[in-house]
Amino acid sequence: MVETILKRKITTKIKLWDEGKKDTALFVEGARQIGKTTVITNYFKAKGNVSFIKIDFSFDKNMFNLFQESKNVAEVIQTLRIYFKDKKFDKNTYIFFDEIQEYCDILNWIKPLIQETDYHFIISGSLLNINQTIKFYPVGFLTRIKMYPLDFEEFLWSQKYDENQIDEIKKQMLRFERINSALFNTMNNLFKQYLCLGGMPKVVCSFCETNSMSNVINIKKNIISDYKNDIFKIRDKKIMLKAVECFETILAQLAKENKKFKFSLINKNARYERYVYGLNWLSNSSMINFCYNLTNLELPLKGNHKIDNFKIYFVDTGLLISMLNDESIYDSIINEDYLTYKGAIFENFMAQAINSSGCELFYYCSDKINQGKDIEIDFVIAKNKKIFPIEVKSGKTISSSLNYILEKNQKMIGLKFCKNNVGYQNNLYTLPHFYILVLEEILSGLFVD
């Protein structure tokens, strides 16, 4: 069987660093098993005419000992030349430090390595924001880029849609005209596949090779198991126990009609002050994303949020679905019968898309301001000095809260993602779910005449 090689957007950012910023180390961050190592390795394999040296700290304990015991850069390089005797060491040498969560002190070496050698350095790993052993963080010597699970466009690439085809689809979408039924059904079916699978590379590769949903179930369960094992490795036992308890309530939190995080779902005595460190650990590991409640809809949004009033979403919707432990859920999604967790699934998908676009997550909730009714907007995004209130529905539900907000704030542009075809009225764009493909273009104001 031919190995599936996924095309990833982050390759463009790696290339930009490679072409102009090699006086810094490239630092690729992100959650576990989203393809960091594969993307970096494939990029330099394809580059040619370079010497690529990979050091995996989770595997090679000799390298761990080398950096712990060496006194200076000269000693490190001398040993590396002997250890990797078949590799060239010249101005075209790239040294890749992988899985550095096993030895975060390697960051203390980055500045002298860059200053005292002609080589180029790449760093990658997970759980990097959690380690407390870094003594001299190399400020000014890192180009940091964040990696995420595959987005919908990357999934389309995996399904053999090329860039020209996707550009044509995007142009049609950005005219905001009604989509013909053939294209609507095609894109909707692809979206439902993506919703089921999620964006973990191993999962998508398995689907590409077998075209079977059933084969991905165990892969996703194994990833969830690995995530849980990471939590159990937390050295501070109190934080570990709190993180475990928070992790185990993710589904329950998202199953509620009002998805504000409720500590009472952990236990009746749980409080923000006691569990915030466990939640922060999950966030810093990129397992969850915080979505904070806004006190008002004014810029800057970050200055108007409540730090102790929030929702949480999981890093990947496909993994979230696998946590339901219900294999029939895949057929339910394909048949558009989303059952109890439809709100959780669709809000999580939107949170994942917004997060991977580089925007922070906020929502708006205010008690009884619309004729005695509560107002809640699923997501609020700030982009290019504009505010976009967003709602996502599994069906064709009317968005009374969104309509109310747009009536009171006529400079805002509202987005509702749902089962409907394209529509526009009173500053509200009604969009099919698969329009997530052009979310970044919409937020940037790119429209096609």
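Details of the structure are given in the entry above.
Conventions we followed
Residues numbered from 1 in each chain as written. Predicted model: local features only at pLDDT ≥ 70, side-chain atom pairs only at ≥ 80, totals over all residues. Heavy atoms only, no water. Pairing = 2+ DSSP bridges. Helix = DSSP H or I, 4+ residues; strand = E, 2+ residues; numbered from the N terminus. Axes fitted to C-alpha atoms, helices over the stretch in contact; angles between N-to-C directions. Core = buried A, V, L, I, M, F, W, Y, C linked by side-chain atoms within 4.5 Å. Buried < 20%, exposed > 50% of the residue type's maximum accessible area, 1.4 Å probe, protein only. Contact = heavy atoms within 4.5 Å. Salt bridge = Lys/Arg side-chain N within 4 Å of Asp/Glu carboxyl O. Right-handed = clockwise from strand over helix to strand, strands pointing away.

**Points about the sheet that holds strand 12 (residues 414-418)**
Strand order in this open sheet of five strands is 10-11-12-14-13, and the pairing throughout is mixed. Strands at the two margins of the open sheet, each flanked by one partner only, are strand 10 (379-383) and strand 13 (423-425). Adjacent strand axes in the sheet meet at a mean angle of 20°, parallel and antiparallel pairs treated alike. Taken together, the five bridges between strand 12 and strand 14 (residues 428-432) define a ladder with parallel strand orientation. Paired with Leu-415 across the bridge in strand 14 is Tyr-429.

**Section: the nonpolar core**
Counting 129 residues, the largest nonpolar core has Phe-152, Met-187, Phe-314, Phe-379 and Tyr-435 as the members making the most contacts within it. It is helix 8 (residues 181-197) that contributes the most residues to this core, nine residues altogether. Look past the residues within four positions of Phe-314 in its chain and what remains in contact with it is Ile-224, Tyr-227, Phe-247, Ile-250, Met-287, Ile-288, Asn-289, Leu-319, Leu-320, Met-323 and Asn-348.

**Comments concerning the pattern of salt bridges**
Working definition: two side chains of opposite charge can pair if their charged atoms are close together. Per the counting criterion, the structure on display carries 17 salt bridges. Note that Asp-151 is salt-bridged to Lys-9, the shortest N-O span being 2.7 Å. Of this pair, Asp-151 sits in the loop between strand 5 (142-146) and helix 6 (152-158) while Lys-9 is found in the segment before helix 1 (10-20), placing the two residues 142 residues apart along the sequence. Its relative accessible area of 15% is what places Asp-151 among the buried residues. A relative accessible area of 29% means that Lys-9 is categorised as partly exposed. For Lys-311, the salt bridge identified is with Glu-347, shortest N-O distance 3.6 Å. Of this pair, Lys-311 sits in strand 7 (residues 305-314) while Glu-347 sits in helix 16 (residues 342-356); the two residues are 36 residues apart in sequence, bridging distant segments of the chain. Accessibility expressed as a relative area gives 0% for Lys-311, which makes it buried. One network of salt bridges, in which partners are shared, links Lys-9, Asp-151, Glu-153, Lys-170 and Glu-441.

**Overview of the pairing of strand 12**
A large share of strand 12 lies buried, amounting to five of its five residues. The two faces of strand 12 match: Gly-414, Lys-416 and Cys-418 on one face and Leu-415 and Phe-417 on the other face are all buried. Relative to strand 12, strand 11 (residues 386-392) runs parallel, the two being bridged by three bridges. Of the residues in strand 12, the one forming a bridge with Glu-391 is Lys-416. Handedness of the crossover joining strand 11 and strand 12 through helix 17 (residues 400-408): right-handed.

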